[in-house]
Amino acid sequence: MLVRAITAPGLRRWCRSQRGAAAACFPLGRALLGVRGAEAAAFLQGLLTNDVTQLVAEGDAPSALYAHALNVQGRCLYDVILYRLHRSTAEEPHILLECDSSVLDSIQQHLKLYKIRRKVTIAPCPDLSLWAVIPGDTSSLPKCADQALLLTPDPRAEVMGWRLIAKKGANLSEIIPGSQVGDVQDYHRHRYKQGIPEGVKDLPPGVALPLESNLAFMNGISFTKGCYIGQELTARTHHMGVIRKRLLPVTFPGPLPPAGIPEGADILTQAGKRAGKFRAGGGELGIALLRLAHLQEPLCIPLAGHRLELRATTPEWWPKGAAK
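Right, let's walk through the structure included here. (Residues numbered from 1 in each chain as written. Predicted model: local features only at pLDDT ≥ 70, side-chain atom pairs only at ≥ 80, totals over all residues. Heavy atoms only, no water.)

### Considerations on the overall build of the chain
On a plain count of helices and strands, the chain comes out with six helices and 16 strands. Burial analysis of the chain (324 residues in total) assigns 53% to the buried set. Counting contacts in the chain only where the partners sit at least 6 residues apart, residues at least 24 apart contribute 71% of the total. Here the chain displays about 15000 Å² of accessible surface, and carbon together with sulfur accounts for 52% of that area. (Helix = DSSP H or I, 4+ residues; strand = E, 2+ residues; numbered from the N terminus. Buried < 20%, exposed > 50% of the residue type's maximum accessible area, 1.4 Å probe, protein only. Contact = heavy atoms within 4.5 Å. Areas by Shrake-Rupley, 256 points an atom, 1.4 Å probe, with all protein chains shown as cover.)

### A few points about the sheet that holds strand β10 (residues 180-181)
One open sheet holds the five strands; their spatial order is β8-β9-β7-β1-β10, and the pairing between them is mixed. Each edge of the open sheet carries a strand with a single partner, namely β8 (148-153) and β10. Two strands pair when backbone bridges link them, and strand β7 (residues 128-134) and strand β9 (residues 162-167) are joined in this way by six bridges, in the antiparallel orientation. Within β9, the residue paired with Trp131 across the bridge is Leu164. In this fold helix α5 (residues 184-194) packs onto β1 (24-27), β7 and β9, with an angle of close to 100 degrees to the strand it touches most, β1. (Pairing = 2+ DSSP bridges. Axes fitted to C-alpha atoms, helices over the stretch in contact; angles between N-to-C directions.)

### Digging into α5
For α5, every residue scored as buried is listed here: Tyr187, His190, Arg191, Tyr192 and Gln194. Of the surrounding secondary structure, the elements contacted by the buried residues of α5 are β1, β7, β9, β11 (245-251), β13 (274-282) and β14 (285-291). The backbone nitrogen of Gln185 lies 2.9 Å from a side-chain oxygen of the residue at the head of α5, namely Asp183. With its phi angle positive at about 75 degrees, Gly195 sits one or two positions after the end of α5. (Polar contact = N/O pair within 3.5 Å; in protein donor to acceptor, adjacent residues only side chain to side chain.)

### Here's the deal with helix α3 (residues 104-115)
Between its terminal C-alpha atoms α3 stretches 16 Å, which fits the 16 Å expected from twelve residues at 1.5 Å a residue. What α3 keeps buried is the set Leu104, Ile107, Gln108, His110 and Leu111. Buried positions in α3, seen along its axis, are confined to an arc of 160 degrees and lie on one side of it. Every exposed residue of α3 that faces more than 90 degrees away from the buried side is listed here: Asp105, Gln109 and Leu113. In the core, the buried residues of α3 are packed alongside β2 (30-36), α2 (40-45), β4 (76-84), β5 (94-100) and β6 (121-124). Directly after α3, the chain includes Ile116, whose backbone phi takes a positive value near 50 degrees. (Expected span 1.5 Å × (residues − 1). Arc of directions from axis to C-beta.)

### A closer look at the packing of aromatic side chains
Following the criterion strictly, the structure yields three aromatic pairs and no others. With a centroid separation of 5.7 Å and an interplanar angle of 75 degrees, the aromatic rings of Phe252 and Phe278 are classed as edge-to-face. Of the two residues, Phe252 sits in the loop between β11 and β12 (266-269) while Phe278 sits in strand β13, which places them 26 residues apart along the sequence. We note that Phe252, like Phe278, is buried. Positioned over the ring face of Tyr66 is Arg156, at 6.0 Å from the centre of the ring. Sitting over the face of the ring of Trp318, Arg246 holds its NZ or CZ atom 6.0 Å from the ring centroid. (Phe/Tyr/Trp six-rings, centres within 6.5 Å; stacked < 30°, edge-to-face > 60°. Lys NZ or Arg CZ within 6 Å of the ring centre and 35° of its normal.)

### Observations concerning the pairing of β7
Most of β7 is tucked away, with seven of its seven residues classed as buried. A two-sided burial pattern is seen for β7, the buried positions comprising Leu128, Leu130, Ala132 and Ile134 on one face and Ser129, Trp131 and Val133 on the other. Alignment of β1 against β7, held across four bridges, turns out to be antiparallel. Its bridge partner being in β7, Phe26 is matched across the sheet by Ala132.

### Here we look at the nonpolar core
Counting residues in each nonpolar core, the largest one holds 59 residues, and the members touching the most others are Tyr83, Ile267, Leu290 and Ile301. Looking at this core, the element that brings in the most residues is β14, giving five residues. Counting residues domain by domain, this core receives three or more from each of domain 1 (10-194) and domain 2 (210-312). Not counting residues up to four positions away in its chain, the partners in contact with Tyr83 are Leu32, Ser63, Ala64, His94, Ile95, Leu96, Glu98, Leu130, Leu150, Thr152, Arg163 and Ile165. Counting 28 residues, the second largest nonpolar core, distinct from the first, contains Ala31, Val35, Ala69 and Tyr78. (Core = buried A, V, L, I, M, F, W, Y, C linked by side-chain atoms within 4.5 Å. Domains from an automatic or database assignment.)

### Examining the pattern of salt bridges
In the structure shown here, the tally under the stated rule is 17 salt bridges. Note that Arg163 is salt-bridged to Asp154, the shortest N-O span being 3.3 Å. Taking relative accessible area as the criterion, Asp154 reaches 5% and is therefore assigned buried. Here Arg163 and Glu198 are joined by a salt bridge, their closest N and O atoms 3.1 Å apart. Linking Arg163 in strand β9 with Glu198 in the loop between α5 and α6 (231-240), this pair joins segments that are 35 residues apart in sequence. In this structure, a network of salt bridges that share partners links the residues Arg30, Asp79, Glu98, Asp154, Arg156, Arg163, Arg191, Glu198 and Asp202. (Salt bridge = Lys/Arg side-chain N within 4 Å of Asp/Glu carboxyl O.)

Shown next, in the form of structure tokens:
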């Protein structure tokens, strides 16, 4: 049974611009963790940057929320997307937590450490599969989706399309007629082109800062919700209003080295000043943490005796003036 099939107005406009194109469905290597019980939202509220109580609020509650779990120093531990599976406030809250599959065990331990006497159960969901759907025509929305649990716009940015949660082994062509299964590397290339970080390579645990990682631009933080782990540094940075570095999409116009580009490689200006660090990428596209002061300058990565040129850009979906 399909819990929710919904498109935001902006996403509908984008879909219309893609009219005639088939939706591409990408299988994601992300894990799903079920958090269920009367206190599920209150429990997650103290651990995540976003206002999780929205998922159990009466009225027009969102189907999905983006958030980070931070350590006590205010640095990112896990990037997550939360999904509401219960259909009304009369039902027991049931929230799915999407995370990088490589940290599934550690995030379970993290949650159970703070569970104490909360009335919640925490368990992996190996019977479910997660898909990213980059839509074509809005007519590809499912009319009957017995194999799907949820189809909702990606809460981070309209350009990321939809998130689909289905039963393991589900037939995607039945859920979204006319859709095609795509290569997940094409999904990651799309992410990098849009400057959307995802997973431990883009957001190294204990290293990445949420506001430098554009968490506020991606609807992933509430500055009014109250206390949560790691809030102090994040709130202070926000109220000071000075963020000198941000994650940005980068492209490499020239040939790439056969061994690829090392994750964490230093990025320099032509004058040799440190401008930032390369995080991760695919082919000629990638994502890097860069000082905004050097955004318009020629940049390079020193590799094996030569300099690999790169260009940084500001994503179109960012708020106007955000790169200043």
